[in-house]
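# Remarks on the overall topology
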Amino acid sequence: SLQRAFKIVTQAQNDLIKSTPQLDHALSNSAAQGLPSIAIAPAQGVSLSILCQLVQARHVLEIGTLGGYSTLFFANSVPGVKVTSIEYNPKHHAVAKENTTDATNVEIILGAALDVLPKLAAEGRKFDFVFIDADWDEQREYFDWAVKLTNKGKAIYVDNVVRQLTEAEADGSEKGRALIDHVRQDERVEATLIPTLSTHKVKTSELVDGYLLAVVK
Ligand code: SAM
């Protein structure tokens, strides 16, 4: 059955994870300080790290820091990489700063993404991997800024797009579909959806998810 397959995949994915005290501490400290448990799964962190290595990322941009758990995977992905992460919730920002104190290559900016992204562009900043993992109301705007801020041949990763598409059927929200239509019309990128199994989730409806992966041409 599907459930059995999920269980086997979860086990094998977990077998491949090499956790570190730094990563474990980020999760336990975030939980202790009352942050929601909506960080990426450990196996997803490994995927993100591998993607950064494949694109040889020197500069990574993250939209949506929470407690800095995903940030740490980026910080440890490629030797010499620099990570810039944006978070608008002061509490999340403070916890993320704590969780990344020993990561000297991480900068966490306190501010709303749509305020910070134009500033990064005005400063002429460019990135090799952009991870979009914030709210969904402004997703198309984030994507447009990401395209402007990404070096040619490098990548943009939008998390949870599959769930936005599949949940739209339930709640009538069309945010996932709107993003797909938006990206489809963008001649500057080649993009696809990569479905994943969020095997760390318990609710069956949350088991199937996936991300949009785009390369800037
Ligand atoms: N990337 C994190 C991880 O995997 O460890 C999880 C990020 S969590 C799903 C989303 C975060 O985005 C929350 O901490 C939220 O406060 C932040 N956020 C939501 N909308 C934002 C915005 N417009 N600007 C900046 N941060 C935002």
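Parameters at a glance
Residues numbered from 1 in each chain as written. Predicted model: local features only at pLDDT ≥ 70, side-chain atom pairs only at ≥ 80, totals over all residues. Helix = DSSP H or I, 4+ residues; strand = E, 2+ residues; numbered from the N terminus. Rg over C-alpha atoms; globule rule 2.2 N^0.38 Å. Buried ≥ 20, exposed ≤ 12 C-beta atoms within 10 Å, placed from the backbone. Contact = placed C-beta atoms within 7 Å. Core = buried A, V, L, I, M, F, W, Y, C linked by C-beta atoms within 7 Å. Pairing = 2+ DSSP bridges. Axes fitted to C-alpha atoms, helices over the stretch in contact; angles between N-to-C directions. Parallel < 35°, antiparallel > 145°, perpendicular 65-115°, else oblique. Left-handed = near helix turned anticlockwise from the far one by under 90°. Nonpolar A, V, L, I, M, F, W, Y, C, P; charged D, E, K, R; others polar. Near = placed C-beta within 6 Å. pLDDT = per-residue confidence, 0-100.

### Focus: the overall build of the protein chain
- Helices and strands together make up the secondary structure of the protein chain, namely 9 helices and 7 strands.
- Against the 2.2 N^0.38 benchmark of 17 Å for 217 residues, the protein chain shows a C-alpha radius of gyration of 17 Å, consistent with a compact globule.
- For the protein chain, the spread of C-alpha atoms along the principal axes amounts to about 50 × 40 × 30 Å.
- Within the protein chain, the fraction of its 217 residues that count as buried is 38%.
- If you take every contact in the protein chain between residues at least 6 apart in sequence, the share linking residues at least 24 apart comes to 65%.

### Some remarks on the nonpolar core
- Within the largest apolar cluster, 50 residues are counted, with the highest numbers of intra-cluster contacts made by Val-60, Val-130, Ile-132, Ile-156 and Val-158.
- When sequence neighbours within four positions are dropped, the list of residues in contact with Val-158 reads Ile-132, Phe-143, Leu-179, Tyr-211 and Leu-212.

### So, the sheet that holds strand E6 (residues 189-197)
- Taking strand neighbours across the sheet as the criterion, the 7 strands line up as E3-E2-E1-E4-E5-E7-E6 in an open arrangement whose pairing is mixed. Since the sheet does not close on itself, it has two edges, and those belong to strand E3 (106-110) and E6, each with one partner. On average, adjacent strands in this sheet sit at an angle of 15° to one another, irrespective of strand direction.
- Two strands pair when backbone bridges link them, and strand E1 (residues 59-63) and strand E4 (residues 127-132) are joined in this way by 4 bridges, in the parallel orientation. Within the sheet, the bridge partner assigned to Leu-61 lies in E4 and is Val-130.
- Contacts between helix H8 (residues 161-171) and the sheet are confined to strand E5 (150-158), E6 and strand E7 (208-216), with E7 contributing the most and set at about 125° to the helix.

### Some thoughts on the packing of helix H7 (residues 139-149) against helix H9 (residues 175-184)
- H9 packs onto H7 with a crossing angle of 30° between their chain directions and a minimal axis gap of 9 Å. Taken together, the axis directions place H7 and H9 in an arrangement best described as roughly parallel. Crossing handedness for the pair H7 and H9: right-handed. Judged by residue contacts, Gln-139, Arg-140 and Phe-143 of H7 engage Lys-175, Ala-178, Leu-179, His-182 and Val-183 from H9.
- For the contact of H7 with H9, the residue count by class is 4 nonpolar, 2 polar and 2 charged.

### What about the packing of helix H2 (residues 21-32) against helix H5 (residues 90-99)?
- Interhelical geometry of H2 versus H5 gives an angle of 150° and a closest axis separation of 10 Å. Classified by the interaxial angle, the pair formed by H2 and H5 is roughly antiparallel. With respect to the hand of their crossing, H2 and H5 are arranged in right-handed fashion. Mapping the contact onto sequence places His-25, Ala-26, Asn-29 and Ser-30 in H2 and Val-95, Glu-98 and Asn-99 in H5.
- Residues belonging to the contact of H2 with H5 are distributed by class as follows: 2 nonpolar, 4 polar and 1 charged.

### Considering the site of the ligand
- The environment of the ligand is made up of 17 residues, and the closest members are Ala-39, Gly-64, Leu-66, Ser-70 and Tyr-88.
- Elements with a contribution of two residues or more to the shell around the ligand: helix H4 (69-75) and strand E2 (82-87).
- Grouping the constituent residues of the shell around the ligand by class yields 10 nonpolar, 4 polar and 3 charged.

### Focus on the confidence of the model for the protein chain
- The predicted model of the protein chain averages 94 in pLDDT, with 96% of residues at 70 or higher.
- Overall fold confidence for the complex sits at a pTM of 0.96, while the interface term, ipTM, reaches 0.99.

### Remarks on the environment of Thr-196
- As for its placement among the helices and strands, Thr-196 is situated in strand E6.
- The class for Thr-196 is buried, based on 20 C-beta atoms found within 10 Å.
- Once residues within four sequence positions are removed from consideration, Thr-196 is found in contact with Asp-209, Gly-210 and Tyr-211.

### A short note on the pairing of E1
- Within E1, 4 of the 5 residues are buried, leaving the element largely enclosed by the surrounding structure.
- Pairing geometry for E1 and E2, over 5 bridges, is parallel. Across the sheet, residue Glu-62 finds its bridge partner in E2, namely Ser-85.

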